[in-house]
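Listed here are the chains, written in short residue letters.
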Amino acid sequence: MNIPDRVRERAERLADALPAYVYDLAALDRHAAAVRAALRDVELYYAVKANPDPALLRALAPYADGFEVSSGGEVAHVRSVLPRARLAFGGPGKTDAELALDVHRLHVESPGELRRLIETGAPADALLRVNLAVPVQGAALAMGGGATPFGMDPGGVRECLSLLRRQNRVRPRGLHAHLASGLRAPDLLDLAKAVLGFARDLSGEGHIPTSRDLGQDAPAVEVDLGGGMAVSYHDPSELFDWETYGRGLAELREPGELLRVEPGRALTAYCGWYLTRVIDVKRVHGEVFAVVTGGTHHLRTPAAKGHDQPLAVLPTGRPGTGATTEPVTVVGQLCTPKDVFARRIPMTVDVGDIVAFGLAGAYAWTISHHDFLMHPKPGFHYLT
Ligand SMILES: *Cc1c(COP(=O)(O)O)cnc(C)c1O
């Protein structure tokens, strides 16, 4: 893949201090500004679990209306970095202590969770997380569309609405849905249409309070449509079409309705690079392997998703001991056959060369098993 000049220059300067992560904050700023503009009146929350690095949170803050968090740990973390940020707290299995945290929106995952929330006695503004039986083919991961532990079917939502009517501390504000990830704009717009239709039915039947009940400033219907915008690891130049998505949502939205999205991967994946160095090139039973410093204990994404992580090779220019132009399988230093970044990639590589893995800004460092084998941790560097 193409590597920006500034990342290449930093990689060459860090050559003796690899492996390392490099985050291109200027690129993230440009990308977030473009996403923000494409979304027009739709609120943008960043799904923190994709990458909670404080520098990234600060870079996104000017463009984000808030942050979507999935644990008490993430609540505390975002508060420590951005004390005034609005938080929407979702995720299955919230403890009583987590339910009692004061956040802008609480995403209720089940009738049982709602009962416990009501029992805390604390006021809360809740969105009910719905899992509609809509087709989610083509998704990389399905959190909805059928039986999953995420959210509620329409029967569960109606059970919550009847619990909510019998109390007045927990205010139902609307619906939340995060049905699948890895979808393109037209497919996400189809899901948005289904979720919005369901929300309008409930509010038309008087189940979800509207501006009539909550005061003039409250939206007619509030719906958080989740994240899941596709990132192509196969072809990094194939970007999610934010323009089409923003235009589509603007067409779907009726006056007075509040829509929100909460992307993670498609916001931060592109700004992150994991840089390593080739320490051995070997041929085993006819196949060529390049062994690099570090491994999938630093960048678990290709092992977790079963893909080839896109990469660029920066040759040192010095002749090494293992130059090859055959297809190469790039592996790390772990003693497990699962420690593979990319398989049989046509490339020219030699011992000493730098390998830069792209799309390493989301679901990368924080989903990795850092302590396995006790190799040194990578450095973290930020290009501003
Ligand atoms: C993970 C998650 C997101 C972000 O998903 P991406 O695929 O990274 O955009 C948004 N909302 C919820 C509820 C999630 O669990």
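Note that the structure is a prediction, hence the values are computed from the model and not measured. (Residues numbered from 1 in each chain as written. Predicted model: local features only at pLDDT ≥ 70, side-chain atom pairs only at ≥ 80, totals over all residues. Heavy atoms only, no water.)

Asks: So what exactly am I meant to see when it comes to the pattern of salt bridges here?
Replies: Pairing is possible between side chains of opposite charge, provided their charged atoms come close. The tally for this structure, following the rule as stated, stands at 19 salt bridges. In this structure, the salt-bridge partner of Arg 200 is Glu 257, at a minimum N-O distance of 2.8 Å. A residue pair is termed long-range when its members are at least 10 positions apart, and Arg 200 in helix 8 (residues 185-204) and Glu 257 in the loop between helix 10 (242-252) and strand 11 (258-261) qualify at 57 residues. A relative accessible area of 24% means that Arg 200 is categorised as partly exposed. The exposure class assigned to Glu 257 is buried, which follows from its relative accessible area of 5%. (Salt bridge = Lys/Arg side-chain N within 4 Å of Asp/Glu carboxyl O. Helix = DSSP H or I, 4+ residues; strand = E, 2+ residues; numbered from the N terminus. Buried < 20%, exposed > 50% of the residue type's maximum accessible area, 1.4 Å probe, protein only.)

Asks: Sorry, what's going on with the packing of aromatic side chains here?
Replies: Pairs of aromatic rings are described using the distance from one ring centre to the other and the angle between the two planes. All told, the structure shown has 14 aromatic pairs when counted by the stated rule. Note on Tyr 274 and Phe 341: the rings are 6.1 Å apart at their centroids and 35° apart in plane angle, and the pair reads as tilted. Separated by 67 residues along the polypeptide, Tyr 274 in strand 12 (residues 272-284) and Phe 341 in strand 16 (residues 340-346) bring together distant segments of the chain. In this structure, Tyr 274 and Phe 341 share a single accessibility class: buried. Above the plane of the ring of Tyr 45 lies Arg 260, whose end atom (NZ or CZ) is 4.8 Å from the centre. (Phe/Tyr/Trp six-rings, centres within 6.5 Å; stacked < 30°, edge-to-face > 60°. Lys NZ or Arg CZ within 6 Å of the ring centre and 35° of its normal.)

Asks: It is not clear to me how the domain arrangement of the protein should be interpreted in this structure. Could you clarify?
Replies: In many reports, interface size means the accessible area that the parts give up when they come together. Taken domain by domain, the protein comprises domain 1 (5-21 + 270-383) and domain 2 (86-263). Averaged C-alpha coordinates put domain 1 and domain 2 at centres separated by 38 Å. Surface buried jointly by domain 1 and domain 2 totals about 620 Å² across both partners, of which 70% is contributed by carbon and sulfur atoms. Summed over the three residues of domain 1 that lose the most area to domain 2, namely Tyr 270, Lys 305 and Leu 359, the buried surface amounts to 67% of that side. On inspection of domain 1 and its partner domain 2, the count reaches 0 residue pairs in polar contact (both at pLDDT 80 or more). Looking at the side of domain 1 that touches domain 2 residue by residue, the classes come out as 4 nonpolar, 3 polar and 2 charged. (Domains from an automatic or database assignment. Buried area = accessible area lost by both parts, 1.4 Å probe. Polar contact = N/O pair within 3.5 Å; in protein donor to acceptor, adjacent residues only side chain to side chain. Nonpolar A, V, L, I, M, F, W, Y, C, P; charged D, E, K, R; others polar.)

Asks: Explain the environment of Arg 13 to me, please; I cannot follow it from the model alone.
Replies: Mapped onto the fold, Arg 13 is located in helix 1 (residues 5-13). C-alpha of Arg 13 to C-alpha of Arg 166: the two residues are 153 residues apart in sequence and 64 Å apart in space.

Asks: Honestly, the nonpolar core in this entry has me stumped. Any pointers?
Replies: For soluble globular proteins, nonpolar side chains are generally found buried alongside one another. Counting residues in hydrophobic clusters, the biggest one holds 105 residues, and the most contacted among them are Tyr 245 and Leu 249. Counting residues per element, this core draws most heavily on helix 8, which supplies 10 residues. Each of domain 1 (5-21 + 270-383) and domain 2 (86-263) contributes no fewer than three residues to this core. In this structure, Tyr 245 is in contact with Leu 39, Ala 185, Leu 188, Leu 189, Leu 225, Met 229, Phe 240 and Val 261, ignoring residues within four places of it in sequence. Counting residues in each nonpolar core, the second largest holds 15 residues, with Ala 11, Ala 15, Leu 18 and Leu 383 among its members. (Core = buried A, V, L, I, M, F, W, Y, C linked by side-chain atoms within 4.5 Å. Contact = heavy atoms within 4.5 Å.)

Asks: What is the right way to read helix 10 from this model?
Replies: An α-helix turns once every 3.6 residues. As a result, residues three or four positions apart point the same way. Looking only at helix 10, the buried set comprises Trp 242, Tyr 245, Gly 246, Gly 248, Leu 249 and Leu 252. In a view along the axis of helix 10, the buried residues occupy a sector of 165°, so they form one face of it. Summarising the contacts, the buried residues of helix 10 are in contact with helix 2 (25-39), helix 8, strand 11 and helix 11 (265-268). (Arc of directions from axis to C-beta.)

Asks: Mind showing me how you'd approach the packing of helix 6 (residues 111-120) against helix 7 (residues 154-165) here?
Replies: For any two helices packed against each other, the geometry is given by the interaxial angle and the distance between the axes. For the pair helix 6 and helix 7, interaxial distance at closest approach is 9 Å and the crossing angle is 20°. Looking at the two axes, helix 6 sits roughly parallel to helix 7. Classified by chirality, the crossing of helix 7 by helix 6 is right-handed. Every residue of helix 7 that contacts helix 6 at Pro 111, Leu 114, Arg 115 and Ile 118 is listed here: Gly 156, Glu 159, Cys 160, Leu 163 and Leu 164. Residues that form the contact of helix 6 with helix 7 fall into these classes: 6 nonpolar, 1 polar and 2 charged. (Axes fitted to C-alpha atoms, helices over the stretch in contact; angles between N-to-C directions. Parallel < 35°, antiparallel > 145°, perpendicular 65-115°, else oblique. Left-handed = near helix turned anticlockwise from the far one by under 90°.)

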